[in-house]
Amino acid sequence: MPHLDTVIDVPGGRLRVLADGDGPPILLVHSAVVDMRSWDAVVQPLVAAGYRVIRYDIRGYGRSTAEDVDFSNRADLIAVLDSVAAGQAAVVGNSRGAMIVLDTVLESPDRFVAFVWVGGGIGGFDGGATPEEITLYEEGDALEGDADGMADLDIRAWVDGIGQPPTRVLAAIREAVREMDRPLVEPGRVFGKPIPLTPVANERLGEIRVSTLAVVGELDSSGTRASAARLAETVPGARLISIPDVAHLIGIEVPDRLAALIVEFLAPLPRWS
């Protein structure tokens, strides 16, 4: 199985990029509480289905580096595709990664054949929050500077699911996410200054013409579930799949299920490269 492990230079940063397999390229973009290791269990099923699977650490995450400069997450994503000679790709994003992917699909629509939004958000859209969620988010604001406390809260919110017991998922999953998240909440971590898409994505959803699938866990936050509904209602031809008993990090909780949904979704499309 062909394997690539490289680092590419982008203005004000360096991005670690991995690629595995042969076939039409699929790019995976991770959440803001983890790094690209969060996709590890999704990669093999996609490779086995005949795809080349590309993933990278977003600037400032994992083994990618960032300087304290203005930059475009969208330009970084396109630089990753260029680095592996992927003229077009299917693209999958989770959480913040889904927002980056959505913005990039809007800015560079010719580079994508399909888009899978997984438990993400939509730039410019506020899906609201329950009183319990607001309390948790306010607790997070009060923990700023306390890396251990912030990592614990991220686990409760995005791994367990808000209001769910800590025994809902395997302890190994909670600890794997903690290992990825803990360095990200360390005071002084540099991520750069992302340049937002304008106009925001929420005002442009009707522009999307690529095949679009929204996947959300039924134990995810109310705002995420509202974003999934908004995407499905507004993007022409979009489909929505809601998975019971799963929270925010679907690719970690049920990687085989997510991979199967991606393969099924992409199967009718003409091959691309």
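As shown above, the structure is provided for reference.
Chemist: Which residues make up the overall build of the protein, and what values go with them?
Modeler: Regarding its fold elements, the protein presents nine helices and 11 strands. Expressed as lengths along the three principal axes of its C-alpha atoms, the size of the protein is roughly 45 × 40 × 40 Å. Per-residue burial over the protein gives 55% buried out of 273 residues. Across the protein, contacts joining residues at least 24 apart in sequence account for 75% of those joining residues at least 6 apart. For the protein, the exposed area adds up to about 11,300 Å²; of that, 52% sits on carbon and sulfur atoms. One finds the centroid of the 24 positive side-chain charges in the protein at a distance of 5 Å from the centroid of its 40 negative side-chain charges.

Chemist: Pulling in residues and values, what's your account of the layout of surface pockets?
Modeler: If you add up the space inside the largest pocket, you get close to 900 Å³. If you trace the largest pocket, you find 38 residues lining it, with Ala32, Val33, Tyr137, Asp154 and Trp158 closest to the centre. Broken down by secondary-structure element, the contributors of at least two residues to the lining of the largest pocket are helix H3 (96-107), helix H4 (131-142), helix H5 (147-161) and helix H7 (222-234). Looking at the lining of the largest pocket element by element, the count peaks at five residues for H5.

Chemist: Hey, could you go over the pattern of salt bridges for me, with residue numbers and the actual values?
Modeler: Applying the stated rule across the entire model yields 16 salt bridges. Aspartate 35 is the partner of arginine 37 in a salt bridge, and the nearest nitrogen-oxygen pair spans 2.8 Å. The class of arginine 37 is partly exposed, set by a relative accessible area of 39%. Connected through shared salt-bridge partners, Asp35, Arg37 and Glu179 make up one network.

Chemist: Outline the pairing of strand S1 (residues 3-10), supporting the account with residue identities and numerical values.
Modeler: Relative to strand S2 (residues 13-20), S1 is paired through eight bridges, and the arrangement is antiparallel. Bridge pairing links threonine 6 to valine 17 in S2. The turn joining S1 and S2, which pair antiparallel and follow one another in sequence, is formed by two residues; a positive phi near 80 degrees is taken by glycine 12.

Chemist: With reference to specific residues and values, describe the side chain of aspartate 103.
Modeler: With respect to the element layout, aspartate 103 can be found in helix H3. Look past the residues within four positions of aspartate 103 in its chain and what remains in contact with it is Arg74, Leu197 and Ala201.

Chemist: Got a sec to walk through the nonpolar core? Specific residues and values, please.
Modeler: Ranked by size, the top nonpolar core spans 41 residues in total, and within it Leu27, Tyr56, Leu77 and Leu102 carry the most contacts. Among the elements that take part in this core, H3 stands out by supplying six residues, more than any other. In contact with leucine 77, not counting residues within four places along its chain, are Leu27, Val29, Tyr56, Ile100, Val101, Thr104 and Phe112. Ranked by size, the runner-up nonpolar core spans 29 residues in total, among them Leu46, Ala90, Leu269 and Trp272.

Chemist: Tell me about the packing of H5 against helix H6 (residues 171-181), and please be specific about residues and values.
Modeler: Between two packed helices, both the angle of their axes relative to each other and the distance between the axes serve to describe the pair. For the pair H5 and H6, interaxial distance at closest approach is 10 Å and the crossing angle is 130 degrees. Classed by the angle they form, the pair H5 and H6 counts as oblique. Where H5 crosses over H6, the two elements pack in a sense that is right-handed. Between H5, through Met150, Ala151, Asp152, Asp154, Ile155, Val159 and Asp160, and H6, the contact on the second element is made entirely by Ile173, Arg174, Val177, Arg178 and Asp181. Across the contact of H5 with H6, the residue classes break down as six nonpolar, no polar and six charged.

Chemist: Kindly report on H5, identifying the contributing residues and their values.
Modeler: Helix length check: H5, at 15 residues, gives a terminal C-alpha distance of 20 Å against a target of 21 Å (1.5 Å per residue), a fit within 8%. Taking the largest bend as the criterion, H5 deviates by roughly 30 degrees, centred on isoleucine 155. Across the 15 residues of H5, 12 count as buried, placing the element largely inside the fold. Of all the residues in H5, the buried ones are Ala147, Gly149, Met150, Ala151, Leu153, Asp154, Ile155, Ala157, Trp158, Val159, Asp160 and Gly161.

Definitions and cut-offs
All residue numbers refer to position in the chain's written sequence, counted from 1. Local features in this predicted model are restricted to residues of pLDDT 70 or higher, and side-chain atom pairs are both shown and tallied only at a pLDDT of 80 or more, whereas totals for entire chains, interfaces and linings draw on every residue. Heavy atoms throughout the structure, all of them, feed into the side-chain values; hydrogens and water do not. Strands here are runs of E lasting at least two residues and helices are runs of H or I lasting at least four, both read from the DSSP assignment and numbered beginning at the N terminus. Between buried and exposed lies partly exposed: a residue is buried under 20% and exposed over 50% of the maximum accessible area for its type, with that area taken using a 1.4 Å probe on protein chains only. The contact definition used throughout considers only heavy atoms, calling two residues in contact when any of these lie within 4.5 Å. All accessible areas in this document rest on Shrake-Rupley with a 1.4 Å probe, and a residue is counted as covered only by the protein chains that are shown. Charged residues are defined here as Lys and Arg on the positive side and Asp and Glu on the negative side; His and the ends of the chain fall outside this count. Taken as the charge centre is NZ of Lys, CZ of Arg, CG of Asp or CD of Glu, depending on the residue. We place a 1 Å grid over just the protein atoms. Points where a 1.4 Å probe fits but has no way out form a cavity, open points with protein on both sides within 12 Å along at least 5 of 7 lines form a pocket, and any residue with an atom within 4 Å of a point lines it. Grid points are joined across faces, edges and corners, and a volume is the space filled by probe spheres set on the points. Definition used for salt bridges: Asp or Glu carboxyl oxygen within 4 Å of a side-chain nitrogen of Lys or Arg. Each pair of strands is called paired provided DSSP finds at least two bridges between the two strands. Among the buried residues, those of types Ala, Val, Leu, Ile, Met, Phe, Trp, Tyr and Cys that are joined through side-chain atoms within 4.5 Å form a nonpolar core. To obtain an axis, a line is fitted to C-alpha atoms, over the contacting stretch when the element is a helix, and the angle between two such axes runs from 0 to 180 degrees between their N-to-C directions. Note that the term roughly parallel is reserved for angles under 35 degrees, roughly antiparallel for angles over 145, roughly perpendicular for angles of 65 to 115, and oblique for everything else. If you view the pair so one helix is near and one far, a crossing is left-handed when the near helix is turned anticlockwise from the far one by less than a right angle, and right-handed when it is turned clockwise. Polar here means any residue other than Ala, Val, Leu, Ile, Met, Phe, Trp, Tyr, Cys and Pro, which are nonpolar, and Asp, Glu, Lys and Arg, which are charged; Gly is therefore polar. Multiplying one less than the number of residues by 1.5 Å gives the expected span of a helix. Each residue is assigned a bend, namely the angle between axes fitted to the seven residues that terminate at it and the seven residues that start at it.

These figures come from the coordinates and say nothing about function on their own.
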